[in-house]
Amino acid sequence: MPGVIPNQQLETMISTGVIAADPAIDPAQIQPASLDLRLGNVAYRVRASFLAGHGAKVTDRLEEFEMHRVDLTQGAVLEKGAVYVVPLMERLALPDGVTAVANAKSSTGRLDLLTRTITDGGTEFDRVTAGYHGPLYAEICPRSFSVLVRPGMRLNQIRFGTGNAVLSDDDLRALHAQTPLVDGKAVIDDGLGFSVDLRLQDTTLVGYRAKPHTGVIDLDRIGHYPPAEYWEEVHSSNGQIILDPGAFYILVSREAVTIPPQYAAEMAPYLAMVGEFRVHYAGFFDPGFGHDAAGGAGSRGVLEVRCHEAPFVLEHGQVVGRLVYEKMAEVPTQLYGAGIASNYQGQGLKLSKHFKAP
């Protein structure tokens, strides 16, 4: 059956060598509908972001663009504004008919840490073609904060699938009628639309904006950093804020979203808005996100927003993105938030897990 491959089938792909790794994959990497990928031992500082292109290997292009190498084995800082390529510990031997899509993990996106997967012969970021045999690499560009990384850290994740399992708008409407996907009216147009909440209950705090000159963040330190040293609070009393060009914001969706267990979803930009700002690097929503049975009771989506060309007025209720739902090939045996270490089940406006609770 076409669809996104669930955790129990990922385990089979690992045991049969379709997904291989050195060192061996840790069971904690396996998520309901994706696999976390781990950084290897070296980072290549490169002059610019690149794709390998048809017939070319990433290692060939590294010879062209490498400036220097950074040994990660004792921990090393990836500098804000620089571009690095890191070989990952995992490699693939995909059968024909199985494709993969990669994405940054939610904590990575919330730090504005642009992390994309590249492959040999690849012509797109974060897309792995059917039948691909070869290594995986992460291209990492810290945009707001310099970060300390070590081998084995999991900054991105990969989701495998067969066929086209994307739900049409009619399918989505039928699913919403049966299992409400949002609390309130569903805006369905090329996916499930969601909007920004700039009128949070009992507070004028509506978001956070990254400060421009901050210290390093060690990605292994959880609940460690004081938010005020890295973030400015964004307040609004009139349901609107003005986004500054180049600034990075953490906001929250007005809708509480549910992903039923037999589906997965991916956050995609709202196309009409894409020229003005980009929303959400970390695009995977796992089966069970916000689902009652997994302890979510509807979870709001955290929005990572970067404004581009000109100052832009963002208003309460403005549609800023859409969730594209896909069928699972089979219901996962583990669900997001149910007995696994999910940091963001039931979330509201929330910084990444590295910061102390405000």
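Please read all numbers here as calculations on a predicted model, not as lab measurements. (Residues numbered from 1 in each chain as written. Predicted model: local features only at pLDDT ≥ 70, side-chain atom pairs only at ≥ 80, totals over all residues. Heavy atoms only, no water.)

Attention now goes to the state of the cysteines. As enumerated under the stated definition, the model contains zero disulfides in all. This cysteine, C307, is not joined by any disulfide, and C141 carries the nearest cysteine sulfur, 18 Å off. (Disulfide = S-S within 2.5 Å.)

We now examine the UniProt feature "domain: 2'-deoxycytidine 5'-triphosphate deaminase N-terminal" (unreviewed entry) in the chain. If you check UniProt for "domain: 2'-deoxycytidine 5'-triphosphate deaminase N-terminal" (unreviewed entry), the listed places come out as residues 3-163 in our numbering. Taken as a whole, residues 3-163 contains 14% helix and 43% strand, while its terminal C-alpha atoms sit 6 Å from one another. (UniProt positions renumbered as here; feature names shortened; annotations may be inferred. Helix = DSSP H or I, 4+ residues; strand = E, 2+ residues; numbered from the N terminus.)

As a further point, take the packing of aromatic side chains. What the rule picks out here adds up to nine aromatic pairs. When the ring of Y230 is compared with that of F355, the centres are 5.6 Å apart and the planes differ by 65 degrees; the resulting orientation is edge-to-face. Of this pair, Y230 sits in the loop between β17 (217-218) and β18 (231-235) while F355 sits in the segment after β26 (319-327), placing them 125 residues apart in sequence. Residue class for Y230 comes out buried when judged on its relative accessible area of 4%. By relative accessible area, which is 6% here, F355 ends up buried. Aromatic ring contacts, followed pair by pair, group F145, Y225, Y230, W231, F248 and F355 into a single cluster. (Phe/Tyr/Trp six-rings, centres within 6.5 Å; stacked < 30°, edge-to-face > 60°. Buried < 20%, exposed > 50% of the residue type's maximum accessible area, 1.4 Å probe, protein only.)

Below, the discussion takes up the sheet that holds β17. With respect to topology, three strands assemble into an open sheet ordered β6-β12-β17, the strand pairing being mixed. The open sheet has two edge strands with one neighbour each: β6 (76-78) and β17. Looking at chain direction, β6 and strand β12 (residues 147-149) are connected through three bridges and run antiparallel. Bridged to A76 within β12 is V149. (Pairing = 2+ DSSP bridges.)

One can read the domain layout of the chain as domain 1 (3-162) and domain 2 (169-327). Put simply, the middle of domain 1 and the middle of domain 2, counted by C-alpha atoms, are 24 Å apart. Across the boundary between the two partners, domain 1 contributes 34 residues, which contact 29 residues of domain 2. When domain 1 packs against domain 2, close to 2,500 Å² is buried across both sides, 58% of that on carbon and sulfur atoms. It is R110, F145 and R159 that lose the most area in domain 1 upon contact with domain 2, and together they represent 26% of the buried surface on that side. For the pair domain 1 and domain 2, the interface holds four salt bridges. (Domains from an automatic or database assignment. Contact = heavy atoms within 4.5 Å. Buried area = accessible area lost by both parts, 1.4 Å probe. Salt bridge = Lys/Arg side-chain N within 4 Å of Asp/Glu carboxyl O.)

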